[in-house]
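Remarks on the overall topology
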Amino acid sequence: QKEVEQNSGPLSVPEGAIASLNCTYSDRGSQSFFWYRQYSGKSPELIMFIYSNGDKEDGRFTAQLNKASQYVSLLIRDSQPSDSATYLCAVKWGAAGNKLTFGGGTRVLVKP
Amino acid sequence: KAGVTQTPRYLIKTRGQQVTLSCSPISGHRSVSWYQQTPGQGLQFLFEYFSETQRNKGNFPGRFSGRQFSNSRSEMNVSTLELGDSALYLCASIPTAGETQYFGPGTRLLVL
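The rules behind each value
Every residue gets a number counted from 1 within its own chain, in the order that chain's sequence is written. Think of it this way: whatever chain is written first is A, whatever ligand is written first is 1, and the rest follow in order. Per-residue local features of the predicted model are confined to residues with pLDDT of at least 70, and side-chain atom pairs are confined, for both listing and counting, to 80 or more; whole-chain, interface and lining totals are unaffected and use all residues. The basis for the side-chain values is all heavy atoms of the structure; hydrogens and waters are excluded. Helix and strand labels come from DSSP, where a helix needs a run of H or I of at least four residues and a strand needs a run of E of at least two; each type is numbered from the N terminus. Only C-alpha atoms enter the radius of gyration, while the globule expectation follows 2.2 Å times N to the 0.38, with N the number of residues. Buried residues are those whose accessible area, probed at 1.4 Å on protein chains only, stays under 20% of the maximum for their type, while exposed residues exceed 50% and partly exposed ones sit between those limits. Using the Shrake-Rupley algorithm and a 1.4 Å probe, accessible areas are obtained, with residue cover drawn only from the displayed protein chains. Every residue pair with non-hydrogen atoms within 4.5 Å of one another is taken to be in contact. Accessible area that two parts lose when put together, with a 1.4 Å probe and added across both, is what the buried area reports. Any Lys or Arg side-chain nitrogen located within 4 Å of an Asp or Glu carboxyl oxygen qualifies as a salt bridge. Any pair of nitrogen or oxygen atoms within 3.5 Å is treated as a polar contact; in protein, a donor-acceptor pairing is required on top of that, and neighbouring residues in sequence qualify only through side-chain atoms on both sides. Just so you know the grouping, Ala, Val, Leu, Ile, Met, Phe, Trp, Tyr, Cys and Pro go in nonpolar, Asp, Glu, Lys and Arg go in charged, and all remaining residues, Gly too, go in polar. Two cysteine sulfur atoms form a disulfide, by the criterion used here, when they sit within 2.5 Å. The nonpolar core is taken to be a set of buried Ala, Val, Leu, Ile, Met, Phe, Trp, Tyr and Cys residues, with the residues joined through side-chain atoms within 4.5 Å. Each pair of strands is called paired provided DSSP finds at least two bridges between the two strands.

**Some details on the overall build of chain B**
Across its full length, chain B carries zero helices and eleven strands. Going from the N terminus to the C terminus, chain B shows its helices and strands as β-β-β-β-β-β-β-β-β-β-β. What you see for chain B is a C-alpha radius of gyration of 13 Å, in line with the 13 Å of a compact globule of 112 residues. Its C-alpha atoms give chain B principal-axis dimensions of roughly 40 × 25 × 25 Å. A burial count over chain B gives 50% of its 112 residues as buried. A total of about 5,300 Å² of accessible surface is found on chain B, and carbon and sulfur atoms cover 49% of it.

Structural data, given as C-alpha cells:
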C-alpha cells in the first residue's frame, strides 16, 4: 500500500531559525513530490514540487529529495511567525493522472 | 486570472440527505481533482476528471460520485449522507501540462 508519513509535530522553532520537515514514502515507483502549506481553516497552497534527486530552492524554502532512501524534506530558512501552519507532503505515483497521496501533515509553530 | 471557485462554501445537512458540490477550475485548466479532508483521515483523494472523463478514483464508497462538464466545471455528489461525511471537500484545478495543483477554498460540510 502506498503511504506517506510525516511527524505530526508540533515543530516549535524560534523566529529566524531553520525549520526542518521530513516526509517518507513507501513505494519506489513514485514520480513527483509536493509540499503544501495549510493555515488553519484555509485550503492548502503549493510551496514547491520536486521530482529529481537533490535540492531545489525557492526563496526561503528548500526541498530535498532522496529517492534511494525514500524521503523528501523541506527546509524553511529564517522562519517567520507567518510560517506557522501545517505543512503537507504529497506524492504522485504513476504516469497517468494527477492523484496525490498526502501525509498527515506537520504542524509548525514559529515563536517570536 | 480568477482562481478556483467552489460553491457553496458551507453546508449543513442531515443524515440520509444528499448533497451536490460544485467546482469551477482556473480558466484553461481541463483537469479537476476532488479531495476530502477530515481531522482523523487527513486529505484523501476522491476522484479526478479530465475532459469529462473520470481518470482516477480513490477508495470511497459508491455514494460518492462526480462528473465534469464540457466547460471543465465539475460537481461531486454524496448520497445518503452519514455523520462521517462531515469534512472539508477540496477541489484542485490542474493545468493540462504541468505538475502543480491549485486548490480551491473548499466546501465545509457538516452532517447532523
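**A word on the interface of chain B and chain A**
Across the boundary between the two partners, chain B contributes 19 residues, which contact 18 residues of chain A. The largest share of the area that chain B buries against chain A comes from B:L43, B:E99 and B:Q101, three residues that together contribute 38% of it. For the interface between chain B and chain A, the tally reads zero salt bridges. If you look at where chain B meets chain A, you find six residue pairs in polar contact (both at pLDDT 80 or more). Elements represented by at least two residues in the side of chain B that touches chain A include exactly β4 (31–38), β5 (42–50), β6 (53–57) and β9 (87–94) of chain B. Take the side of chain B that touches chain A: its biggest share by element is four residues, from β4(B). Looking at the side of chain B that touches chain A residue by residue, the class counts come to eight nonpolar, seven polar and four charged.

**Here we look at the state of the cysteines**
All chains considered together, the criterion is met by two disulfides over all chains. Each sulfur of the disulfide joining A:C23 and A:C89 lies 2.0 Å from the other. Torsion about the S-S bond of the A:C23 and A:C89 cystine: about -70 degrees, corresponding to left-handed handedness. Taken together, the residues A:C23 in strand β3 (residues 19–25) and A:C89 in strand β9 (residues 85–93) connect sequence positions 66 residues apart. For the pair shown, A:C23 and A:C89 are each scored as buried. Through a disulfide, B:C23 is tied to B:C91; the S-S separation comes to 1.7 Å.

**Digging into the nonpolar core**
Residues and elements named next belong to chain A. Judged by nonpolar contacts, the single largest core of 24 residues is most densely connected at L21, W35, V72, L74 and Y87. Of all the secondary-structure elements, those providing two or more residues to this core are β3, β4 (30–38), β5 (45–50), β7 (61–66), β8 (71–76), β9 and β11 (106–111). Sort the elements by how many residues they give to this core and β9 lands first, with five residues.

**So, the pairing of β4(A)**
Residues and elements named next belong to chain A. By the criterion of burial, β4 is predominantly enclosed, with eight of the nine residues buried. As judged from the five bridges shared by β4 and β5, these two strands associate in the antiparallel manner. When the bridges of β5 are listed, W35 appears paired with M48. Linking β4 to β5, which pair antiparallel, is a turn of six residues; within it G41 sits at a positive phi near 80 degrees.

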